[in-house]
Amino acid sequence: MAALLEQEARRQQEGLELIPSENYASSAVRSVMSSVLMNKYSEGYPKKRYYGGNEVVDEVEKLAQDRAKELFGVPHVNVQPYSGSPANLAVYLACCRPGDTVMGLDLTHGGHLTHGWKVSATGIFFHAISYHVKSDGRIDMNEVRRLAEAYKPKLIWCGATAYPFQVDFEAFGEIADAVGAYLAADIAHIAGLVVGGVHPSPVPHVHIVTTTTHKTLRGPRGGMILVTEKGINKDPELPEKIDRAVFPGLQGGPHDHQTGAIALALYEASLPSFRDYAKQIVRNSKVLAETLIRRGFSLVGNGSENHLMLVDLTPVFGSGGGVFAQMVLDAVNITVNKNTIPGEPMNAFYPSGIRLGTPAATTRGMKEADMERVGQWIADVLAEFRSFRLPEEKDKRKSYIEEAKTVIGSHPTITRVREDVKAFCLKFPIP
Ligand SMILES: *Cc1c(COP(=O)(O)O)cnc(C)c1O
């Protein structure tokens, strides 16, 4: 195990992390995660526990709650969800009965699995209707309104996992009010941008907010559910329904070490330096997007308004070429993830795009000029392998990809760029 930890530390130090959902928590956050708090069982909520010995844990959880309420400006919060997906499931359990109609952004258009995708429990237990983005990459608010009026969903999700624009929470709020739906904003990706003041807050317009704590918020892996003033006005029992859905509805004992680390991360996010961090994430994303566009790449929506961008690789590799980009970039220590693009011509396993984001790189202290350099490297290596094509015949794909891997592995451009990327990354220590 020690050897594996060392290998992973080296991989992180010598590589450039561009997966937009990843980040580096501070060493203080990591030390709370491995603290004595993890030895405790504390089913229930502060002052209402099923186990003894929770005097200190009660204070830990109240601290996390108070900081979250203050930072987001909400009257109620639940900090116990194990992660973002269980937080979302708790919202369904609190607001819906099995089989109720719900609405969310289609997965292949940037939505999350838990917004009703067919293989997710949320798509199996509920009747999920999807809305989409238009050809300009932006959410089709006319479609959202039309579907909401036609299907009268019990719950509407807004927020996304692969969407390069700001979300118009106000427009969603008007639509949800018109049809009497609960409106939940899933800000898993953008919570840090909201707190940092570079993305509008959903709080005035929605009833419920869910988030992860480990993406732009830069805390431990975890989740939170916030209930807004508007949510309590719609349904005074909403806070209690959410709490009961998390425990005992879905979970047993909370992860107290995670709760403690969330409290610390929320403190870090309240500092002025975090606002600078959030601003820099967005600036870096803009520069990376502009660099790629200048080098002739096609971006969904032609840019980035937040921390991420989607590169449409159909002009480079044809349909389903995201896998080649991910492989080529992996070979030069740049980590990205293949991703579907709106109107995906292939499928979610062989998607035609990649998703790039700047939260992790920005934590390491990289700035605009660094992002330009990174963009040039990405353009250089992708151009080198633009003759790769995913075979039409399904049974030929695996062997073609294996062969491509061999070609990439021994290519001089790859060796050269990998050494450049490694030397560059070593100048930016990770916490
Ligand atoms: C990441 C993400 C989640 C799920 O978070 P996990 O912690 O991976 O379960 C939920 N919603 C959105 C929009 C996300 O991006």
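Located above this text is the structure these notes cover.
Note that this is a predicted model, so its numbers are computed, not measured.

J.: How do you make sense of the overall build of the chain when you look at a structure like this?
T.: Secondary structure assignment for the chain yields 18 helices and 15 strands. Over its C-alpha atoms the chain spans a radius of gyration of 22 Å, differing by no more than 12% from the 22 Å that the globule rule assigns to 431 residues. With respect to the three principal axes, the spread of C-alpha positions in the chain is 65 × 50 × 40 Å. For the chain, the residues scored as buried account for 58% of the 431 residues in total. Surface accessibility of the chain: about 17900 Å² in total, with carbon and sulfur atoms responsible for 52%. Of the charged side chains in the chain, 47 are positive and 48 negative, and the gap between their average positions amounts to 2 Å.

J.: Honestly, the pattern of salt bridges in this entry has me stumped. Any pointers?
T.: Two side chains carrying opposite charge are able to pair once their charged atoms lie near each other. Per the stated rule, a full pass over the model turns up 16 salt bridges. As a salt-bridge pair, Glu305 and Arg138 come within 2.8 Å of each other at their nearest N and O atoms. Here Arg138 lies in the loop between strand 6 (127-131) and helix 6 (141-151) and Glu305 lies in the loop between strand 11 (298-299) and strand 12 (308-312), a separation of 167 residues in the sequence. The exposure class of Glu305 is partly exposed, given its relative accessible area of 27%. Judged by relative accessible area, which is 33%, Arg138 ranks as partly exposed.

J.: Would you mind showing me how to read the sheet that holds strand 14 (residues 337-339) here?
T.: In sheet architecture, strand pairing relies on hydrogen bonds along the backbone and comes in two forms, parallel and antiparallel. With respect to topology, 4 strands assemble into an open sheet ordered 11-12-15-14, the strand pairing being antiparallel. Across the chains shown, the open sheet's two edge strands, defined by having one partner strand only, are strand 11 and strand 14. Running over the sheet, helix 12 (residues 272-294) touches strand 11, strand 12 and strand 15 (353-357) and is turned about 15° from strand 12. Where helix 14 (residues 322-331) meets the sheet, its contacts fall on strand 14 and strand 15, and the angle it forms with strand 15 comes to roughly 45°.

J.: Please clarify how the sheet that holds strand 4 (residues 76-78) should be interpreted in this entry.
T.: Here we have 7 strands laid out as an open sheet, ordered 4-10-9-8-7-5-6, and mixed in their pairing. A single partner strand is all that each edge strand has here, and the edge strands are strand 4 and strand 6. Sheet twist, expressed as the mean angle between neighbouring strand axes with direction ignored, is 20°. Looking at chain direction, strand 8 (residues 182-186) and strand 9 (residues 208-212) are connected through 3 bridges and run parallel. Residue pairing for strand 9: Ala185 is matched across the bridge by Val209. The strands touched by helix 4 (residues 84-95) are strand 5 (101-105), strand 7 (155-158), strand 8, strand 9 and strand 10 (223-227); relative to strand 9, the strand with the most contacts, the crossing angle is about 160°. Its contacts with the sheet place helix 6 against strand 5, strand 6 and strand 7, and it is angled at close to 155° to strand 6.

J.: What should I look at first to understand the site of the ligand in this one?
T.: Every one of the 13 residues lining the ligand counts as a neighbour, but Ser83, Ser85, Asp186, His189 and Lys215 are closest to it. Contact distances for the ligand include 2.5 Å between a nitrogen atom and a side-chain N or O atom of Asp186. Interatomic distance of 3.5 Å between a side-chain N/O atom of His214 and an oxygen atom of the ligand. Among the elements that take part in the shell around the ligand, helix 4 stands out by supplying 3 residues, more than any other. Counted by class, the shell around the ligand contains 2 nonpolar, 9 polar and 2 charged residues.

What counts and how
Residues numbered from 1 in each chain as written. Predicted model: local features only at pLDDT ≥ 70, side-chain atom pairs only at ≥ 80, totals over all residues. Heavy atoms only, no water. Helix = DSSP H or I, 4+ residues; strand = E, 2+ residues; numbered from the N terminus. Rg over C-alpha atoms; globule rule 2.2 N^0.38 Å. Buried < 20%, exposed > 50% of the residue type's maximum accessible area, 1.4 Å probe, protein only. Areas by Shrake-Rupley, 256 points an atom, 1.4 Å probe, with all protein chains shown as cover. Lys, Arg positive; Asp, Glu negative; His and termini not counted. Charge placed at Lys NZ, Arg CZ, Asp CG, Glu CD. Salt bridge = Lys/Arg side-chain N within 4 Å of Asp/Glu carboxyl O. Pairing = 2+ DSSP bridges. Contact = heavy atoms within 4.5 Å. Axes fitted to C-alpha atoms, helices over the stretch in contact; angles between N-to-C directions. Near = heavy atom within 4 Å. Polar contact = N/O pair within 3.5 Å; in protein donor to acceptor, adjacent residues only side chain to side chain. Nonpolar A, V, L, I, M, F, W, Y, C, P; charged D, E, K, R; others polar.

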